[in-house]
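# Structural features, examined
These are the residues of each chain, in order.
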Amino acid sequence: MSLVLDPAAQDLLFREARTANTFTDEPVTDEQVQAIYDLVKYGPTAFNQTPLRITLVRSPEARERLVAHMAEGNQAKTKAAPLVAILSADNEFHEELPALLPHFPQAKDMFFAERPVREQSALLNAALQAAYFIVGVRAAGLAAGPMTGVDFAGLQKEFLDDDHTPLMVVNIGKPGEDAWFPRSPRLAFDEVITTV
């Protein structure tokens, strides 16, 4: 194979990794979440922007409020997961650009002065960061269950504000019994790759 990453790591992060639907009751610690973030924060984004915001839902009352906004098929697993994270895009990310892009601090006003431009950029780049986050969860030996079956307007009103756009909810933990659906097919190389 022409990949540098060890085959066991390839399996852990990609080939054997799946969206978990059940979890054990083993807790996910703050130290694990810190280690995940400290790894995935290095993923590339445009202008080194960091629009992803992660809201950890730990308290029982917050979990009940969250479950009420989940689609019916996602409620039981969200209620039972050891940790749930709400991933959102901060539409005011540009305020941090002078510190994150010190060699080009004027990018904040030059490119992101208008809210619609910021919203579009925040959505794309926070989605990239969300993907890194899921891979980071896998790198920690945990399973991730990302879901978009949620009342986004209700979720935003309940947990966020008008400056944050919800992207997804992610259940996190050690996979439980019968955690996986059968692997679904993927498109073949020739169906996706075009050379011009």
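Here the residue index of a chain counts from 1 through its sequence in written order. Given that this is a predicted model, residues contribute local features only at a pLDDT of at least 70 and side-chain atom pairs are listed and counted only at 80 or more, while totals for whole chains, interfaces and linings are drawn from all residues. Only hydrogens and water are set aside when side-chain values are computed; all heavy atoms of the structure are taken into account.

## Side note on the packing of aromatic side chains
Two rings from Phe, Tyr or Trp (for Trp, the six-membered ring) form a pair when their centres sit within 6.5 Å of each other. Planes less than 30 degrees apart are called stacked, planes more than 60 degrees apart edge-to-face, and all others tilted. Per the counting criterion, the structure on display carries six aromatic pairs. Ring geometry for Phe-47 against Phe-104: centres 6.5 Å apart, planes inclined by 35°, an arrangement best described as tilted. Highlighted residues: Phe-47 in the loop between α2 (30–40) and β1 (52–57) and Phe-104 in the loop between α5 (97–100) and α6 (107–112), separated in sequence by 57 residues. Burial classification: accessible surface area is computed with a 1.4 Å probe over protein chains only, and a residue below 20% of its type maximum counts as buried, one above 50% as exposed, and the rest as partly exposed. You can call Phe-104 partly exposed: its relative accessible area is 21%. A ring pair is formed by Phe-104 and Phe-111, whose centres lie 6.0 Å apart and whose planes are at 75°; its orientation type is edge-to-face. Owing to a relative accessible area of 37%, Phe-111 belongs among the partly exposed residues under this scheme. Taken together, the ring pairs in this structure connect Phe-47, Phe-93, Phe-104, Phe-111 and Phe-112 into an aromatic cluster. The helix count covers DSSP runs of H or I at least four residues long, the strand count covers runs of E at least two residues long, and both are numbered beginning at the N terminus.

## With respect to the environment of Leu-142
Within the fold, Leu-142 resides in the loop between α7 (115–139) and β3 (143–147). When the C-alpha positions of Leu-142 and Leu-12 are compared, they lie 9.6 Å apart, and in sequence the two are 130 residues distant. Contact definition: two residues touch when any of their heavy atoms are within 4.5 Å. With residues up to four places along the chain from it excluded, the contact list for Leu-142 reads Val-28, Gln-32, Ile-36, Val-137, Ile-172, Gly-173 and Lys-174.

## So, the sheet that holds β1
Ordered by their spatial adjacency, four strands build an open sheet running β1-β2-β4-β3, and the pairing between neighbours is antiparallel. The open sheet terminates on both sides in strands that have one partner only, identified here as β1 and β3. Across the sheet, the mean angle from the axis of one strand to that of its neighbour is 30°, orientation sign disregarded. The sheet contact formed by strand β2 (residues 83–90) and strand β4 (residues 164–173) spans eight bridges and is antiparallel. Bridging across to β4, Leu-83 finds its partner in Ile-172. Helix axes use the C-alpha atoms of the stretch in contact, all axes being lines fitted to C-alpha atoms, and the angles between their N-to-C directions lie in the range 0 to 180 degrees. Sitting on the sheet, helix α3 (residues 60–67) touches β1, β2 and β4, and the angle it makes with β2 is about 65°. Here a strand pair is declared whenever DSSP counts at least two bridges between the two strands.

As far as function goes, none of this settles anything; it's purely spatial.
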